[in-house]
Amino acid sequence: MAKTYDILVIGAGPGGHAAAVHAAQAGAQVAIIEKNGWGGTCTHRGCIPTKALLACSRRYAELKKLGRMGVRVADPSFDYAAMKRHQEQIVKISAMGVQKSLKESGVEMKSGEGRILSPSEVEWTAPDGRRERLSARNLVIAGGSEPALPPGVHPSERILTSDGLLSLRTLPESLLIVGGSVIGVEFATLFAELGVRVTLIEMVGQILPDEEGEAAALLTQELKKLGVAVHTGMRMETIRETGSGVQLLAVPDAPGVETRQAQDPPGAHPPGKGDENPHGIRPAGTLDLSADYALICTGRKPRFSAEELNALGIHHNRRGVTVDERQMTNVSGIFAVGDVTGGMMLAHRAMQQGKGLAARLCGGREIRCPEEAVPSVVYTHPQIARVGLTEEDALRRGIAVEVHRADFAANLTARTSLLGPGFVKLLFDRDRLVGATIAGDQAGELIASLSLAMAAGLDRRQLEEWIIPHPTLSEVLGL
Ligand SMILES: Cc1cc2nc3c(=O)[nH]c(=O)nc-3n(C[C@H](O)[C@H](O)[C@H](O)COP(=O)(O)OP(=O)(O)OC[C@H]3O[C@@H](n4cnc5c(N)ncnc54)[C@H](O)[C@@H]3O)c2cc1C
């Protein structure tokens with residue numbers, strides 16, 4: 001008789017991987033199906049390749065600062081092909097690590113596609129086309145997410161999503177980035193540090209719309225220093241390939257919106273005769289931009305087949321598969337974790353959800369994933385990291401927060417190492433820490449302790465008792 005697994009996971013990104021490994025380690029019989037690459041978006045097209053390249057561009061950019069410290073490097077240069085090899089090597093190591101941990105935990109790994117037939121049955125199609133029905137007591141949907149493009153925009157040779165841009169073998173001379181959220185500003189940093197002429201347009205009034213206005217302003221200023229032309233309050237109207245590049249028209253997002261421009265962007269010219277426009281009329285402030293390539297990063301959407309979910313009666317909407325706080329869908333025995341459930345699309349959130357689900361299914365101790373304690377990091381230079389509320393969020397919710405603010409300029413480690421500008425902002429609601437933003441070098445490392453503080457519900461008095469080594473950058477967190 002065919003084997004029945006305790007848990008069958010579809011998708012081996014951070015969410016599915018964590019669920020499978022933790023469940024197998026707790027003694028469950030587990031199988032996992034992956035159709036693309038072990039490690040998912042994070043390993044192949046997300047966190048890992050982008051951070052490998054950003055590590056390269058940062059080192060290169062930093063060489064220019066060393067002169068102030070008395071270190072002289074003659075004529076620094078870089079080799080993009082070697083940077084790409086570094087990226088590929090790190091991706092390989094990450095994918096191998098995922099496979100090794102699955103194997104060592106005793107998870108059955110099945111390459112190919114999974115399709116749910118019933119709450120206890122999945123059809124597995126192997127890469128050679130062979131099909132098999134697999135039975136399980138519990139199913140976990142962990143299909144992740146994919147780029148969401150504006151209506152009418154399709155990826156092409158020069159109009160790329162983050163997947164396409166990461167596959168480019170050579171460095172473009174110029175790049176237009178549509179969307180100033182996390183992915184957009186990370187790529188802007190990377191390419192500008194390597195000397196590419198970058199223009200970024202963002203529809204709302206600030207880049208990183210979900211972050212503290214002050215953090216977004218600091219990053220805007222640093223991107224401008226790198227030569228990035230940042231245009232906020234601008235909406236892409238049309239985009240087309242021109243053969244040797246791309247051409248984009250952007251218009252102010254709403255009448256009366258003043259467009260904030262860093263400088264005239266590369267390729268920008270005032271609207272004139274012969275410019276294409278379906279109506280022949282252009283609103284004031286229209287930007288006509290051109291570049292070698294365009295990166296469209298206007299968001300991501302959950303990856304699932306609505307037809308498959310509808311056939312099973314699994315509730316879902318455009319934001320994702322609907323789950324409760326235990327990652328349960330409305331259909332008994334079917335669960336979902338990670339990006340496919342919508343919300344904050346972050347690898348560590350997906351992992352925590354997977355780990356918590358495994359513990360629950362295997363009768364282990366409750367492991368929660370409190371949304372308010374999920375940190376987020378923007379890996380720009382400087383980095384922007386946050387946990388919990390921003391001051392703007394608090395205002396919107398009518399919470400009168402008390403703000404504690406500290407500047408990197410007052411921290412000796414930041415000064416000695418020429419870490420550049422930065423600040424920490426802690427928000428307290430009746431002495432309870434409800435939010436923290438760090439803008440500056442190593443913000444991603446620093447936020448980890450504050451997310452622990454949030455998860456543990458620490459208050460101001462407990463944070464005052466926190467003893468931080470001297471001299472360190474962490475002292476910037478001290479009250
Ligand atoms: C450019 C970029 C940079 C990013 N940087 C960061 C970062 O620095 N930090 C961070 O926390 N997050 C980052 N993210 C987001 C992060 O990659 C995702 O949040 C994370 O990968 C989600 O994990 P997941 O397990 O939900 O899904 P995914 O990683 O998307 O994995 C889902 C897997 O399921 C597989 N799959 C789907 N359907 C099926 C099927 N029917 N059968 C078999 N297999 C299937 C897919 O092939 C895929 O491998 C970044 C994303 C991008 C695009």
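Scroll up to find the structure this text is about.
Model, not experiment: these values are computed from the prediction.

What counts and what doesn't
- Residues numbered from 1 in each chain as written.
- Predicted model: local features only at pLDDT ≥ 70, side-chain atom pairs only at ≥ 80, totals over all residues.
- Heavy atoms only, no water.
- Helix = DSSP H or I, 4+ residues; strand = E, 2+ residues; numbered from the N terminus.
- Buried < 20%, exposed > 50% of the residue type's maximum accessible area, 1.4 Å probe, protein only.
- Contact = heavy atoms within 4.5 Å.
- Near = heavy atom within 4 Å.
- Polar contact = N/O pair within 3.5 Å; in protein donor to acceptor, adjacent residues only side chain to side chain.
- Areas by Shrake-Rupley, 256 points an atom, 1.4 Å probe, with all protein chains shown as cover.
- Core = buried A, V, L, I, M, F, W, Y, C linked by side-chain atoms within 4.5 Å.
- Phe/Tyr/Trp six-rings, centres within 6.5 Å; stacked < 30°, edge-to-face > 60°.
- Lys NZ or Arg CZ within 6 Å of the ring centre and 35° of its normal.
- Patch = residues over 30% accessible without salt bridge, like charges linked within 9 Å, V, L, I, M, F, W, Y side chains within 5 Å.
- Salt bridge = Lys/Arg side-chain N within 4 Å of Asp/Glu carboxyl O.
- Pairing = 2+ DSSP bridges.
- Axes fitted to C-alpha atoms, helices over the stretch in contact; angles between N-to-C directions.

Undergrad: Explain the side chain of T43 to me, please; I cannot follow it from the model alone.
TA: By secondary structure assignment, the location of T43 is in helix 2 (residues 40-44). Judged by relative accessible area, T43 falls into the buried class, the value being 3%. Discounting chain neighbours no more than four positions away, the residues touching T43 are W38, I48, P49, V91, S94, A95 and V98.

Undergrad: Honestly, the site of the ligand in this entry has me stumped. Any pointers?
TA: G15, E34, T41, K51 and A347 are the nearest of the 38 residues found near the ligand. Between C47 and the ligand, the recorded distance is 3.5 Å, taken from a backbone N or O atom to a nitrogen atom. Taking K51, its side chain carries an N or O atom lying 2.7 Å from an oxygen atom of the ligand. Out of a free accessible area of 1000 Å², the ligand has 94% covered by protein chains. Among the secondary structure elements, those contributing two or more residues to the shell around the ligand are helix 1 (14-25), strand 2 (30-34), helix 2, helix 3 (47-63), strand 4 (113-118) and helix 9 (347-361).

Undergrad: What is the right way to look at the nonpolar core in this model?
TA: Across soluble globular proteins, you tend to see nonpolar side chains buried next to one another. Ranked by internal contacts, the top residues of the largest apolar core, which has 38 residues, are I177 and F191. Going through the elements one at a time, helix 3, helix 4 (80-105), helix 5 (162-167), strand 9 (174-178), helix 6 (182-193), strand 10 (197-202), helix 7 (213-225) and strand 16 (293-296) are the ones with two or more residues in this core. In terms of residues, this core owes the most to one element, helix 6, which gives six residues. When near neighbours in sequence (up to four residues on either side) are disregarded, I177 contacts G184, F187, A188, V198, T199, L200, I201, L295 and C297. If you look at the next biggest cluster of nonpolar residues, it comprises 24 residues, including V377, A414, L419 and A436.

Undergrad: Which parts of the structure should I look at to understand unusual backbone geometry?
TA: Negative phi is the rule for most residues except glycine; trans is the rule for most peptide bonds. Here H381 and P382 are connected by a cis peptide whose omega angle stands at 10°. Mapped onto the elements of the fold, P382 is located in the loop between strand 21 (376-378) and strand 22 (383-388). The linkage connecting H470 with the following residue, P471, adopts the cis geometry, with an omega of -5°. Summarising the element assignment, P471 is placed in the segment after helix 13 (460-464). Unusually for a residue other than glycine, R430 sits at a positive phi of about 45°. On the secondary structure map, R430 appears in the loop between strand 24 (423-429) and strand 25 (432-440). Positive phi is not limited to glycine here, since Q442 has a value of about 60°. Position of Q442 among the secondary structure elements: in the loop between strand 25 and helix 12 (443-455). According to the relative accessible area criterion, Q442 is partly exposed, its value standing at 35%.

Undergrad: What is the right way to look at the packing of aromatic side chains in this model?
TA: One pair of aromatic rings is described through two measures. These are the centre distance and the angle between the planes. Under the counting rule described, the total for this entry stands at two aromatic pairs. Centroid distance Y60 to F78: 4.9 Å. Interplanar angle 70°. Geometry classified as edge-to-face. Placement of the pair is Y60 in helix 3 and F78 in the loop between helix 3 and helix 4, with a sequence separation of 18 residues. Judged by relative accessible area, which is 16%, Y60 ranks as buried. Sitting above the plane of the W124 ring, K110 keeps its charged end 4.5 Å from the centroid.

Undergrad: Looking at this structure, how should I read a nonpolar patch on the surface?
TA: A surface patch of nonpolar side chains, about 230 Å² in accessible area, is lined by M69, V71 and V73. Looking at the secondary structure, you find V71 in the loop between helix 3 and helix 4.

Undergrad: Looking at this structure, I do not really get the pairing of strand 2. What am I missing?
TA: Where a strand is regular, its side chains alternate between the two sheet faces. With respect to burial, strand 2 is a largely interior element, five of its five residues being buried. Both faces of strand 2 are covered, namely the face carrying V30, I32 and E34 and the face carrying A31 and I33. Inspection of the sheet shows strand 1 (residues 4-10) paired to strand 2 by four bridges, in the parallel sense. Note on strand 2: the bridge partner recorded for V9 is I32.

Undergrad: Explanation requested: the environment of I33 in the structure shown.
TA: Relative to the elements of secondary structure, I33 occurs in strand 2. Since its relative accessible area comes to 2%, I33 is described here as buried. Along the chain, I33 and V122 lie 89 residues apart, while their C-alpha atoms are 10.0 Å from each other. If near-sequence neighbours (up to four positions away) are discounted, I33 is found in contact with L8, V9, I10, G11, A12, K110, G112, E113, G114, V122, W124 and L134.

Undergrad: Please clarify how the sheet that holds strand 23 (residues 402-407) should be interpreted in this entry.
TA: Backbone hydrogen bonds are what pair the strands of a sheet, in a parallel or an antiparallel way. The five strands are arranged 21-22-25-24-23 in an open sheet whose pairing can be described as antiparallel. This sheet does not close on itself; its edge strands, each paired only once, are strand 21 and strand 23. The average angle at which neighbouring strand axes cross in this sheet is 10°, direction not considered. Both strand 22 and strand 25 contribute to a ladder of six bridges, which runs antiparallel. Across the sheet, residue R386 finds its bridge partner in strand 25, namely T437. Sitting on the sheet, helix 7 touches strand 22, strand 23, strand 24 and strand 25, and the angle it makes with strand 24 is about 170°.

Undergrad: What am I meant to see in the environment of V140 here?
TA: Mapped onto the secondary structure, V140 falls in strand 6 (residues 131-141). Residues within four places of V140 in sequence aside, it is in contact with I7, L8, V9, I10, F335, V337 and L357.

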